Amino acid sequence: MASTHFDPTAFLDMPVEEAFEKRPPVPAQDYPAVIQSITPRQWTSKDKRYDSGPNAGQLKSGIAYDVKLEAEVPLDIRQSLGLKDDFKFILTDSIMLDVNDRGGLSTDVGANRQLRNYREALDMNKAGVTFRARDMEGRRLLVRVKHETYPEGSDNVQEKVAGVARI
């Protein structure tokens, strides 16, 4: 459908008679992946801070990078799950960021653990070498996929990023 002919009302009223089928989860294991995009976003939690600092009682908030990954599922796994040859396995990971008083990324020891893991997996965590998150796009790494059920005890398996490593 060409975007110049898109009619939102017609799309909302479009009849569909077939049921949507759940895809079987890919096995929980490591897959080579490519970072498709990095998108920064601000977030605000429903939870309030309980510390005694100047922000006590205020809603928690911060900045995160949403990382869109395309993992490479081997042919034998795609075939065993009945997936199409052109199946694209897309995962999204969120990297919660620690910022400093100036609004930049904190480089304190132990800060930005998730981002450090990505940088190390991409061989981009080197002192004296300028890092920009956008430079992670298009780079390859290994992504570990895990399964979580939601709600707890159901058979609704969700695939999540458990970690990243260097290929």
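The structure this text deals with has already been given above.
Residues numbered from 1 in each chain as written. Predicted model: local features only at pLDDT ≥ 70, side-chain atom pairs only at ≥ 80, totals over all residues. Heavy atoms only, no water.

## Some remarks on the sheet that holds strand β4 (residues 140-149)
Taking strand neighbours across the sheet as the criterion, the five strands line up as β3-β2-β1-β4-β5 in an open arrangement whose pairing is antiparallel. For this open sheet the edge positions go to β3 (89-97) and β5 (157-165), each flanked by a neighbour on one side alone. On average, each strand axis in the sheet is tilted by 35 degrees relative to the strand beside it, whichever way the strands run. Alignment of strand β2 (residues 59-71) against β3, held across nine bridges, turns out to be antiparallel. By the bridge assignment for β3, Ala-71 is matched with Phe-89. Against the sheet, helix α3 (residues 113-121) contacts β1 (30-48), β2, β3, β4 and β5, and its axis sits at roughly 125 degrees relative to β3. (Pairing = 2+ DSSP bridges. Helix = DSSP H or I, 4+ residues; strand = E, 2+ residues; numbered from the N terminus. Axes fitted to C-alpha atoms, helices over the stretch in contact; angles between N-to-C directions. Contact = heavy atoms within 4.5 Å.)

## A look at the environment of Thr-92
Note that Thr-92 resides in strand β3. Taking the C-alpha atoms as reference points, Thr-92 and Lys-126, separated by 34 residues in sequence, lie 25 Å from one another. Sequence-distant contacts of Thr-92, that is, excluding residues within four places in its chain, are made with Asp-66 and Val-67.

## Let's talk about the nonpolar core
By size, the foremost hydrophobic cluster in this structure holds 28 residues, and its most contacted members are Tyr-31, Ile-35, Leu-69, Tyr-118, Met-136, Leu-141 and Val-143. Elements with a minimum of two residues in this core: β1, β2, β3, α3, β4 and β5. The residues touching Val-143, leaving out its near neighbours within four places in the chain, are Gln-29, Asp-30, Tyr-31, Ala-33, Leu-69, Ala-71, Leu-91, Val-161, Gly-163 and Val-164. (Core = buried A, V, L, I, M, F, W, Y, C linked by side-chain atoms within 4.5 Å. Buried < 20%, exposed > 50% of the residue type's maximum accessible area, 1.4 Å probe, protein only.)

## Section: the packing of aromatic side chains
One pass over the structure, following the stated rule, counts three aromatic pairs. Ring plane angle 75 degrees and centroid distance 6.1 Å describe the contact between Tyr-31 and Phe-89, whose orientation is recorded as edge-to-face. Here Tyr-31 is found in strand β1, whereas its partner Phe-89 is found in strand β3, with 58 residues between them in sequence. Side by side, Tyr-31 and Phe-89 carry an identical accessibility label, which is buried. Judged by relative accessible area, which is 1%, Phe-89 ranks as buried. In this structure an aromatic cluster arises from ring pairing among Tyr-31, Phe-87 and Phe-89. When the ring centre of Phe-131 is taken as origin, the NZ or CZ atom of Arg-119, which lies over that ring, is 4.1 Å away. (Phe/Tyr/Trp six-rings, centres within 6.5 Å; stacked < 30°, edge-to-face > 60°. Lys NZ or Arg CZ within 6 Å of the ring centre and 35° of its normal.)

## Some details on the pattern of salt bridges
Applying the stated criterion across every chain yields a total of nine salt bridges. Close ionic contact of Arg-41 with Asp-66 constitutes a salt bridge, the shortest N to O distance being 2.7 Å. Here Arg-41, found in strand β1, pairs with Asp-66, found in strand β2; they are 25 residues apart in sequence, far enough to count as distant. Classification of Arg-41 by relative accessible area gives partly exposed; the value is 29%. Taking the shortest distance from any N to any O, the salt bridge between Glu-148 and Lys-146 comes out at 3.1 Å. According to the relative accessible area criterion, Glu-148 is partly exposed, its value standing at 34%. (Salt bridge = Lys/Arg side-chain N within 4 Å of Asp/Glu carboxyl O.)

## Side note on the pairing of β1
By the bridge criterion, five bridges tie β1 to β4 in an arrangement that is antiparallel. The residue bridging Tyr-31 from the neighbouring strand is Val-143, located in β4. One ladder, built from 12 bridges, connects β1 with β2; its direction is antiparallel. In the strand pairing of β2, Gln-42 is matched with Ile-63.

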